[in-house]
Amino acid sequence: PIVETGYENMLLSRALLEGKSTVDEILENWDEIRPELMEEWNVNRDELVQAFGGTRDAWIKEDEDSWVANNKLYPTVAEALKRALKREDVLVYIV
């Protein structure tokens, strides 16, 4: 669990596909590796956020069922959400 924001998935996937870093290196040094990759590939955070978000939003608009099927919740998250939704003293926001 090193990805904090969706756009980082594109960097992570490409880094692994191109052999830029090993999994262990990424797990240990992602905060240093991420900006180095962005500089090497001449991309910035805003461009990546737009590309990732735009692609995701278009997929959801065109085929929401497919998007949901390919973006499952992590184990135990569904139960945690169900418990939170039953509480009257908690507001639940899903972003």
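As the structure is a computational prediction, the values presented were derived from the model and not from experiment.

(A) Broad picture of the pattern of salt bridges. Under the counting rule described, the total for this entry stands at seven salt bridges. Through salt bridges with shared partners, a single ionic network connects Glu-8, Asp-31 and Arg-34.

(B) The arrangement of helix 2 (residues 23-40) in detail. If you check helix 2, its first and last C-alpha atoms are just 19 Å apart, much less than what 18 residues at 1.5 Å a residue would give, namely 26 Å. Along its length, helix 2 reaches its greatest deviation from straightness, about 100°, at Asn-29. After helix 2 finishes, the residue Asn-42 shows a positive phi value of roughly 55°.

(C) Quick peek at the packing of aromatic side chains. Scanning the entire structure with this criterion turns up zero aromatic pairs. Over the face of the ring belonging to Trp-41 we find Arg-14, whose NZ or CZ atom lies 4.0 Å from the ring centre.

(D) Region of the structure containing a nonpolar patch on the surface. A surface patch of nonpolar side chains, amounting to about 260 Å² of accessible area, comprises Leu-16, Val-23 and Leu-27. Tracing the sequence through the fold places Val-23 in helix 2.

(E) Representation of the nonpolar core. Counting residues in each nonpolar core, the largest one holds twelve residues, listed as Ile-2, Tyr-7, Leu-11, Leu-12, Ala-15, Ile-26, Trp-30, Ile-33, Leu-37, Met-38, Trp-41 and Leu-48. Those elements giving two or more residues to this core turn out to be helix 1 (8-17) and helix 2. Broken down by element, the residue count for this core peaks at five residues, all from helix 2. What Leu-48 contacts, discounting residues up to four positions off in sequence, is Tyr-7, Met-10, Leu-11, Met-38 and Val-43.

(F) Spotlight on the packing of helix 1 against helix 3 (residues 45-69). Their axes nearest at 8 Å, the elements helix 1 and helix 3 cross at an angle of 95°. Classed by the angle they form, the pair helix 1 and helix 3 counts as roughly perpendicular. Of the residues in helix 3, those touching helix 1 at Asn-9, Met-10 and Leu-11 are Leu-48, Ala-51 and Phe-52. The residue makeup of the contact of helix 1 with helix 3, split by class, is five nonpolar, one polar and no charged.

(G) Up close: a negative patch on the surface. Together, Glu-62, Asp-63, Glu-64 and Asp-65 give the surface a local cluster of negative charge. Turning to its location among the elements, Asp-63 is positioned in helix 3.

Analysis parameters
- Residues numbered from 1 in each chain as written.
- Predicted model: local features only at pLDDT ≥ 70, side-chain atom pairs only at ≥ 80, totals over all residues.
- Heavy atoms only, no water.
- Salt bridge = Lys/Arg side-chain N within 4 Å of Asp/Glu carboxyl O.
- Helix = DSSP H or I, 4+ residues; strand = E, 2+ residues; numbered from the N terminus.
- Expected span 1.5 Å × (residues − 1).
- Bend = angle between axes of the 7 residues up to and from the residue.
- Phe/Tyr/Trp six-rings, centres within 6.5 Å; stacked < 30°, edge-to-face > 60°.
- Lys NZ or Arg CZ within 6 Å of the ring centre and 35° of its normal.
- Patch = residues over 30% accessible without salt bridge, like charges linked within 9 Å, V, L, I, M, F, W, Y side chains within 5 Å.
- Areas by Shrake-Rupley, 256 points an atom, 1.4 Å probe, with all protein chains shown as cover.
- Core = buried A, V, L, I, M, F, W, Y, C linked by side-chain atoms within 4.5 Å.
- Buried < 20%, exposed > 50% of the residue type's maximum accessible area, 1.4 Å probe, protein only.
- Contact = heavy atoms within 4.5 Å.
- Axes fitted to C-alpha atoms, helices over the stretch in contact; angles between N-to-C directions.
- Parallel < 35°, antiparallel > 145°, perpendicular 65-115°, else oblique.
- Nonpolar A, V, L, I, M, F, W, Y, C, P; charged D, E, K, R; others polar.
- Lys, Arg positive; Asp, Glu negative; His and termini not counted.
- Charge placed at Lys NZ, Arg CZ, Asp CG, Glu CD.

So yeah, pure geometry; function would need other evidence.
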